Amino acid sequence: MLDKMIYLDNAASTRLDEKVLEAMKPYYFDIYAVATSEFGYSMGIDAKEALQESRQTIASSIGASAEEIVFTSGDTESSNMAIKGVAAALLNKKDKHIIVSKLEDFPVLNTAKAFEKNGYKVDYISVDSEGILDLEELKNAITENTALVSIQHANQEIGTLQDIEAIANICKEKGVLLHSDATHSYTRVPIDVSKVPVDLLTMSAHTIHGPRGVGALYIREGTPINKWMDGGFQESNRRAGLENIPGAVGFAKAVELVTPEENEFLKSLRDHIIKRAEEEIPDVTLNGSRSQRVPHNANITFHYVEGESMTLHLDMRGFAVSTGSACFSRSLEASHVILGIGGDHERAHGSLRFTFGRYNTKEDVDAIIDAVGEIVEQLRAISPLYEKK
Amino acid sequence: MKFPYSKKVLEHFQNPRNVGKMEDADGKGLEGSPACGDMVAVYLKVNEDTKVIEDVKFESYGCASNIATASIITELAKGKTLEEAKNISWKQATEELGGLPPVKAHCSVLAVEGLRAAIRDYEEKHGLVSAKEPTTENVVRSRLKHVMNPMAGLDIVRTELVTKIDVEDGNVRILLDLPSNHQFAAAIKEDILEKIESLWDVKEVKVVFTE
C-alpha cells in the first residue's frame, strides 16, 4: 500500500489547484455580494467586474467574445441548455430532428433519449473502430428538419478526438446548428471558434483542476436559443439563478494555469503508459485512436480479466482508475463507448481508463503499470478464458 | 476500505481458496459467459465409493462478488457428499460471506450454478442419472433460469424476457421480449444456445427477438 493514493481518474474530476482556491477565496469572504448593475453598491460592482473578467478569460481561450459565454453549473447543464434551448427555439420545425453521435457522454446522450420519448426523431451517428465519426453518415443524416447536431470534441472514455472543424463545416454547409461537448478536450486541445464554425460549446472547470459546480456554454451570437430555466434575469437573461462568482473566478484561474508545456507533459505520461503496457503485458488493446486522442487519456483493455476486479485490486494498492466494466457500475451495463467502436463485452469488461492530471508524475505511471502487470497476471491465472501462452 | 463489500468478501477476493484448473476432474461445470461479464468454472474430484467431494477447484472471470462466492462455495463443498453439496444455496454462501450488495446477486449466483453443473456432469458421466429426461418446455424453462439478464441482474425467466417456449421433435424455439439490435441481444442468445443445445435430444435451437 502506498503512502498516498495515486489518482489517475482525472477525466472523472480533478484535484483543485491551490492557486485556484486562493483566487476564489476573496469572493467568499470579501467581495461576496451578487453582481449588481453599474449603479448598485461598490461590492456588487466589484463582484460584477470579477465575473466579467472571468467571462473574458473563458471567451479568449476559445477565440470568442465575452457576450457569447454563459456561466452554468457544469457540463451537464451546459449540454442540456444547448440542446433543450435550441430545440425550444426551433419548435416550429415540422418534423423535429436532432443528430448526436453514438459515443456521446450522458448529458448529451440522455438528453437525446429524453427528446426521442417526446416525439423527436434522433439519429445516432456511427463511429469507426477508433471512435472517429462517420462524416458521410452525418452528411446524409442532416435534413431540412434537423434542428441541431451535437457531436463531442473528445470522448470521455477512450479520448478520441473528432475532426470538429470538418464536422462544423458540414453543418455550416447544410445550414444546421452544431453543439459540441468539449468537456474532455477544453484547454487540452485548442479550439478556436473564430475559425471553427461551431455554434455552441460545452466547457467545464472540474476537468482542469478548477472548482466543481461551474461550467460554461459558448453560444455564437445570433444562435436561436431559449432560456430553459425560469427565474431571474442573470447572464443577460439567458440563464436564471444567481451567478456563482467564486466559481467563475476559479474557473478562469484554472484556464490560465493550463499551459502547452503541461499538455506536452501529460502526453508524455500517456505515451509512456501505452508503451509500457503494450511492451510488457501480453494481450492488450489500446482503445481509441492512437494519433487523434487527447493528451491525458490512455484506455487499455487487458483481455481475459474483468475490470472491477482490477480496479479493486488497484485500490487496495493505492491507485484510483476507472473501467468500462458493467460490474463497476450500478446499471450493470458495459461501456457504450467500447461497444460503440465495435468492441465486444469482453473488451469492455477488461478495459481500464487512465487519465492524467497536473499532480501525476512519471513515477506514478511506472508504479501503476508495475501493479497492473502483477494484478493482470494474478487474475489471468484464475481466469477460465485465459490459456497460458 | 469503504467498498460495499464485507471484510470476508474482500479477504476471499484477495486470497481466493482452491483456485486453478483441474486437468483430471471427475466432474466440471461452466456457468456464465464473457459476454455477460462473469464466468465460473468448477472442477470436482469425487470419491467413487463414498461420493464425497475430495477436492474442488474453480476458475473465475469475474468481479469481486463472483470470485469471493466461488471461493466460499469450494470451501463449503469440500468434504461433503454430492447430495449434501447439491443443497448448498446461494443464500448460504452469501451469509457465509457476511452479505453481498443486492445488485451483485447475479455475479455471485453463478458460482452456485457452477458447482451444481459440475455435480450434474459427474452424475451423468457415472450413470447416476437414472433415465434420460425428454426435453420439454419445463426443462427448457428451468435451464433458461441460468441465463442472466444483465440489465436486471436476475435471470431471463424471472425478468420476463422469455415470452414463449415451443418444443417439438427436438426443435426448440424461444421468443424473447428484446429487439435483436439491443446491446445484450447477442450475448444473451449465445448464453441460451450454450444452455439448451447441449440437451441430449435437442436438434436445433432458435432464438427469436421482437422486431
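What counts, and where the lines are drawn
In this numbering scheme, every chain counts its residues from 1 along its sequence in written order. For this description, chains carry letters from A and ligands carry numbers from 1, given in the order in which they are written. Owing to the predicted nature of the model, reporting of local features is limited to residues with pLDDT of at least 70; listing and counting of side-chain atom pairs is limited to 80 or more, with chain, interface and lining totals taken over all residues. By convention in this description, side-chain values take in all heavy atoms of the structure and omit both hydrogens and water. Strands here mean DSSP runs of E at least two residues long; helices mean DSSP runs of H or I at least four residues long; both are numbered from the N terminus. Our radius of gyration is a C-alpha quantity, and the globule rule it is checked against amounts to 2.2 Å times the number of residues to the power 0.38. Residue burial is assigned from relative accessible area. The probe radius is 1.4 Å, only protein chains are included, and a residue is buried under 20% of its type maximum, exposed over 50%, and partly exposed in between. Should any heavy atoms of two residues lie within 4.5 Å, those residues are considered in contact. Calculation of accessible area relied on Shrake-Rupley with a 1.4 Å probe; when residues are assessed, cover is drawn exclusively from the protein chains displayed. When DSSP locates at least two bridges between a pair of strands, those strands are taken to pair. Note on method: axes are straight lines fitted to C-alpha atoms, helices fitted across the in-contact stretch only, with angles between N-to-C directions ranging 0 to 180 degrees. Each crossing is labelled by how the near helix is turned from the far one, with a counterclockwise turn of less than a right angle marking it left-handed and a clockwise turn marking it right-handed. Each residue gets one label: Ala, Val, Leu, Ile, Met, Phe, Trp, Tyr, Cys and Pro are nonpolar, Asp, Glu, Lys and Arg are charged, and the others, such as Gly, are polar. Values of pLDDT, ranging from 0 to 100, describe the predictor's confidence in every residue of the model. Defined in terms of a 1.4 Å probe, buried area is the accessible area two parts forfeit on being brought together, summed over both. For the purposes of these results, a polar contact is taken to be a pair of N or O atoms within 3.5 Å, where, inside protein, one atom must be able to donate a hydrogen and its partner to accept one; residues adjacent in sequence count only when each atom of the pair is a side-chain atom. An expected span of 1.5 Å times one less than the residue number is assigned to each helix. When describing relative orientation, an angle under 35 degrees is termed roughly parallel and one over 145 degrees roughly antiparallel, while 65 to 115 degrees is termed roughly perpendicular and anything else oblique. To count toward a patch, a residue needs a relative accessible area above 30% and no salt bridge. Like charges then connect within 9 Å, nonpolar side chains (Val, Leu, Ile, Met, Phe, Trp, Tyr) within 5 Å. By definition here, a salt bridge exists when the distance from a side-chain nitrogen of Lys or Arg to a carboxyl oxygen of Asp or Glu is within 4 Å. In this text, buried Ala, Val, Leu, Ile, Met, Phe, Trp, Tyr and Cys residues form a nonpolar core when linked through side-chain atoms within 4.5 Å.

Asker: I'd like to hear about the overall build of chain B, residue by residue, with values.
Answerer: Scanning chain B for helices and strands turns up seven helices and eight strands. Taken against the 2.2 N^0.38 rule, which gives 17 Å for 211 residues, the C-alpha radius of gyration of chain B at 18 Å falls within 12% of a compact globule. The principal-axis extents of the C-alpha atoms in chain B amount to approximately 45 × 45 × 25 Å. By residue count, 53% of the 211 residues in chain B fall in the buried class. Of the contacts formed within chain B by residues at least 6 apart in sequence, a portion of 63% connects residues at least 24 apart. Accessible surface computed for chain B: about 9,800 Å², of which carbon and sulfur atoms make up 48%.

Asker: Tell me about the pairing of strand β3 (residues 53–61) of chain B, and please be specific about residues and values.
Answerer: Residue and element names in this part refer to chain B. Bridge count for strand β2 (residues 38–46) against β3 is eight bridges, and the pairing is antiparallel. Paired with Lys 45 across the bridge in β3 is Asp 55. Following β2, the chain reverses through six residues before pairing antiparallel with β3; Lys 51 in that reversal takes a positive phi of roughly 60°.

Asker: Can you explain the packing of helix α3 (residues 42–61) of chain A against helix α9 (residues 245–257) of chain A? Please cite residues and give values.
Answerer: Residue and element names in this part refer to chain A. At a minimum axis distance of 9 Å, the contact between α3 and α9 shows a crossing angle of 35°. Crossing angle aside, the handedness with which α3 passes α9 is left-handed. Of α9, the residues touching α3 (which contributes Ala 47, Ala 50, Leu 51, Ser 54, Thr 57, Ile 58 and Ser 61) are Ile 245, Ala 248, Val 249, Phe 251, Ala 252, Val 255 and Glu 256. For the contact of α3 with α9, the class distribution of residues is 10 nonpolar, three polar and one charged.

Asker: Account for the environment of A:Asp95, naming residues and giving values.
Answerer: Residue and element names in this part refer to chain A. You can see Asp 95 is positioned in the loop between α4 (75–89) and β3 (97–101). By relative accessible area, Asp 95 is classed as partly exposed at 36%. Note: C-alpha distance between Asp 95 and Thr 143 (48 residues apart in sequence) is 9.7 Å.

Asker: Residue-level account of the side chain of A:Gln234, with values.
Answerer: Residue and element names in this part refer to chain A. Here Gln 234 is to be found in helix α8 (residues 234–237). We classify Gln 234 as buried; its relative accessible area is 18%. For Gln 234, the contacting residues outside a window of four places in its chain are Arg 239, Ala 240, Gly 241, Leu 242 and Glu 243.

Asker: How would you explain the environment of B:His146 if you had to name every residue and give the values?
Answerer: All names here are of chain B. On the secondary structure map, His 146 appears in the loop between α6 (137–144) and β4 (148–149). Among the residues examined, His 146 registers a relative accessible area of 17% and is labelled buried. Residues His 146 and Ile 192, 46 residues apart in the sequence, show an inter-C-alpha distance of 8.8 Å. Here His 146 is in contact with Glu 31, Glu 113 and Lys 195, once residues within four sequence places are set aside.

Asker: How would you sum up the confidence of the model for chain B? Please name residues and give values.
Answerer: Detailed reading of the predicted model is not advised wherever pLDDT is low. Counting all residues, the mean pLDDT for chain B is 88, and 95% of those residues have values of 70 or more. Here the predicted complex carries an ipTM of 0.86, next to a pTM of 0.88.

Asker: Tell me about the sheet that holds strand β12 (residues 322–323) of chain A, residues and numbers included.
Answerer: Residue and element names in this part refer to chain A. Taken together, the four strands give an open sheet; going across it, the order is β9-β10-β13-β12, and neighbouring strands pair in antiparallel fashion. Each of the sheet's edge strands pairs with one partner strand only, and the pair in question is β9 (284–287) and β12. Sheet topology note: the β12/strand β13 (residues 351–355) ladder contains two bridges and is antiparallel. From the neighbouring strand, Ser 322 faces β13, where its bridge partner is Arg 353.

Asker: Quick one: what's the story with the interface of chain A and chain B, residue by residue and with numbers?
Answerer: Each partner contributes to the interface: chain A provides 26 residues, whereas chain B provides 31 residues. Summed over both partners, the interface of chain A with chain B comes to about 2,400 Å²; 65% of that surface belongs to carbon and sulfur atoms. The interface formed by chain A and chain B holds four residue pairs in polar contact (both at pLDDT 80 or more) in total. Among the secondary structure elements, those contributing two or more residues to the side of chain A that touches chain B are α11 (307–316), α13 (345–349) and α14 (362–381) of chain A. When residues in the side of chain A that touches chain B are grouped by element, the largest group, six residues, is from α11(A). Residues that form the side of chain A that touches chain B fall into these classes: 12 nonpolar, seven polar and seven charged.

Asker: Report on the sheet that holds strand β8 (residues 204–210) of chain B, specifying residues and quantitative values.
Answerer: Residues and elements named next belong to chain B. Here three strands make up an open sheet; going across it, the order is β6-β7-β8 and the pairing mixed. Either end of the sheet is taken by a strand with one partner, and the two such strands are β6 (162–168) and β8. Going from strand to strand, the sheet's axes swing by 15° on average, the running direction of each strand aside. Note: strand β7 (residues 171–179) against β8, seven bridges, orientation parallel.

Asker: Got a sec to walk through α14(A)? Specific residues and values, please.
Answerer: Spanning 20 residues, α14(A) covers 29 Å between terminal C-alpha atoms, matching the ideal 28 Å at 1.5 Å per step. All buried positions along α14(A) are accounted for by A:Asp364, A:Val365, A:Ile368, A:Ile369, A:Ala371, A:Val372, A:Ile375, A:Val376, A:Leu379 and A:Arg380.

Asker: How would you explain the packing of helix α10 (residues 260–280) of chain A against α14(A) if you had to name every residue and give the values?
Answerer: Residue and element names in this part refer to chain A. At a closest axis distance of 10 Å, the pairing of α10 and α14 adopts a crossing angle of 25°. As the angle between them shows, α10 and α14 are arranged roughly parallel. Between α10 and α14 lies a crossing whose hand is right-handed. Residues Leu 269, His 272, Ile 273, Arg 276 and Ala 277 of α10 pack against Lys 362, Val 365, Asp 366, Ile 368, Ile 369 and Asp 370 of α14. Looking at side-chain class alone, the contact of α10 with α14 contains six nonpolar, one polar and four charged residues.

Asker: Give me the lowdown on a nonpolar patch on the surface, citing residues and values where you can.
Answerer: Together, A:Val34, A:Tyr41 and A:Leu242 give the surface a local cluster of nonpolar side chains, amounting to about 310 Å² of exposed area. Of the residues examined, A:Val34 reaches a relative accessible area of 37% and is grouped as partly exposed.

Asker: Could you give an account of the pairing of strand β5 (residues 146–150) of chain A, with specific residues and numbers?
Answerer: All names here are of chain A. For β5, the tally of buried residues reaches five of five residues, placing the bulk of the element in the interior. Looking at chain direction, β3 and β5 are connected through four bridges and run parallel. Considered in β5, the bridge of Ile 99 is made with Val 149.

Asker: A description of the nonpolar core should follow, citing residues and the corresponding values.
Answerer: If you look at the biggest cluster of nonpolar residues, it comprises 64 residues, and the most contacted ones within it are A:Phe302, A:Phe354, A:Val372 and B:Leu44. Within the second largest apolar cluster, 59 residues are counted, among which are A:Cys171, A:Val196, A:Ala205 and A:Ala334.

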